[in-house]
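A closer look at the structure
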Amino acid sequence: MFLFCTDTTDTDIHALIQTRRSIRKYKQEEISLVILKQICDDARFTPSPGNLQPWEFLIIHGRESTNNVFDHLEWLGGAPENGKTPVAYVVLLMSKKYSDEWSCLAGLGACGQNILLSAWSYGIGSCWIGSINNQKTLKKILKIPERLNIFSIIALGYPAEKPIVEESADSIRPYRDASGKMHIPKKPLEDILHINHYESKE
Ligand SMILES: Cc1cc2nc3c(=O)[nH]c(=O)nc-3n(C[C@H](O)[C@H](O)[C@H](O)COP(=O)(O)O)c2cc1C
């Protein structure tokens, strides 16, 4: 198994953040439940307003269970083909009573990013899925109680693709090229960074 980092003491956090890409094609190698639980354990340490910790995690693994989730997800650039689908998911659940609080939503966002980074530290690719079809049915299938909402679903699996990140001031639209490779344009730092006072870049 490829580990992005073998030892937390020499983790290069900058490389971990910058090399993580959304992965939408996965090897069909299972992820151990120990690692899936470790990823959720890491996410538990995310900061939250007033330390409310407005999240819960639902791990989905095993072919039958993952099939139930796959049908409800929308994929940018097209869904993974047969044989390249996610082998696990973390369903990020949010307490309904906080769903209108922007600060709790921000906390859930941070929690999601920690899941992505923790996964990548094991060499596990991920894709954050916010577009979920028919939440109601999915909640029923997964037996999620009424008091919780699905905030997002994180698809997981060892990568079977390597998206290309590129700097682009013009188009920020991710795209697949003729060979099917995913390209992810990122805005250049100088276009979005201001020091001491806002400087118009136009
Ligand atoms: C809140 C949020 C929701 C997202 N929802 C989806 C989604 O529904 N489907 C999908 O394929 N990607 C989704 N993504 C992944 C983005 O498309 C991806 O992060 C973006 O294209 C940049 O690529 P990168 O993650 O490789 O940097 C989502 C990301 C975030 C943060």
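Among the structural elements, L33 can be located in helix α2 (residues 33–43). Spatially, the C-alpha atom of L33 lies 9.7 Å from that of I60, the residues being 27 residues apart in sequence.

Spatial strand order, β1-β2-β4-β3: four strands in an open sheet with antiparallel pairing. Strand pairing shows two members of the sheet lacking a second neighbour, β1 (55–61) and β3 (125–129), which therefore form its edges. In this sheet, adjacent strand axes meet at a mean angle of 25° when their direction is disregarded. In this structure, strand β2 (residues 88–95) lies alongside strand β4 (residues 148–157), joined through eight bridges in antiparallel fashion. Residue pairing for β4: M94 is matched across the bridge by N149.

Looking now at the site of the ligand. Among the 13 residues in the neighbourhood of the ligand, the closest are listed as R21, S22, L76, G130 and S131. Among the elements that make up the shell around the ligand, the one with the highest residue count is β3 (three residues). Grouping the constituent residues of the shell around the ligand by class yields eight nonpolar, three polar and two charged. Counting contributing residues per domain, the shell around the ligand is built from domain 1 (8–162) and domain 2 (163–202), each supplying no fewer than three.

What follows concerns unusual backbone geometry. Positive phi, close to 50°, is recorded for Q53, a residue that is not glycine. Position of Q53 relative to the elements: it lies in the loop between α2 and β1. Residue classification places Q53 among the partly exposed residues on the basis of 16 C-beta atoms within 10 Å.

Sheet strands associate in pairs through backbone hydrogen bonding, adopting either a parallel or an antiparallel arrangement. Spatial ordering of the open sheet is given by β5-β7-β6, a layout of three strands whose pairing is mixed. Each having just a single partner strand, β5 (164–167) and β6 (175–176) make up the two edges of the open sheet. Judged from the two bridges that link them, β6 and strand β7 (residues 182–186) form a sheet pairing that is antiparallel. When the sheet's bridge partners are listed, Y175 is paired in β7 with H183.

Along its sequence, the protein is organised into domain 1 (8–162) and domain 2 (163–202). Between the C-alpha centres of domain 1 and domain 2 there is a distance of 25 Å. Class assignment of the residues belonging to the side of domain 1 that touches domain 2 gives a composition of one nonpolar, one polar and four charged.

A word on the packing of α2 against helix α4 (residues 102–121). One way to put it is that α2 packs onto α4 with a least axis distance of 8 Å and a crossing angle of 140°. Considered as vectors, α2 and α4 are oriented oblique to each other. As α2 runs across α4, the sense of the crossing is right-handed. Judged by residue contacts, I39, D42 and A43 of α2 engage C111, N114, I115, S118 and A119 from α4.

This part covers the nonpolar core. Judged by nonpolar contacts, the single largest core of 34 residues is most densely connected at Y89, L92, I153, I154 and L156. Only α2, β1, β2, α4, β3 and β4 provide two or more residues apiece to this core.

A separate point is the environment of H61. Of note, H61 is situated in strand β1. Considered as a pair, H61 and V87 are 26 residues apart in the sequence and their alpha carbons are 6.4 Å apart. With residues up to four places along the chain from it excluded, the contact list for H61 reads I31, L33, L36, T66, V87 and A88.

What counts and how
- Residues numbered from 1 in each chain as written.
- Predicted model: local features only at pLDDT ≥ 70, side-chain atom pairs only at ≥ 80, totals over all residues.
- Helix = DSSP H or I, 4+ residues; strand = E, 2+ residues; numbered from the N terminus.
- Pairing = 2+ DSSP bridges.
- Axes fitted to C-alpha atoms, helices over the stretch in contact; angles between N-to-C directions.
- Near = placed C-beta within 6 Å.
- Nonpolar A, V, L, I, M, F, W, Y, C, P; charged D, E, K, R; others polar.
- Domains from an automatic or database assignment.
- Buried ≥ 20, exposed ≤ 12 C-beta atoms within 10 Å, placed from the backbone.
- Parallel < 35°, antiparallel > 145°, perpendicular 65-115°, else oblique.
- Left-handed = near helix turned anticlockwise from the far one by under 90°.
- Contact = placed C-beta atoms within 7 Å.
- Core = buried A, V, L, I, M, F, W, Y, C linked by C-beta atoms within 7 Å.

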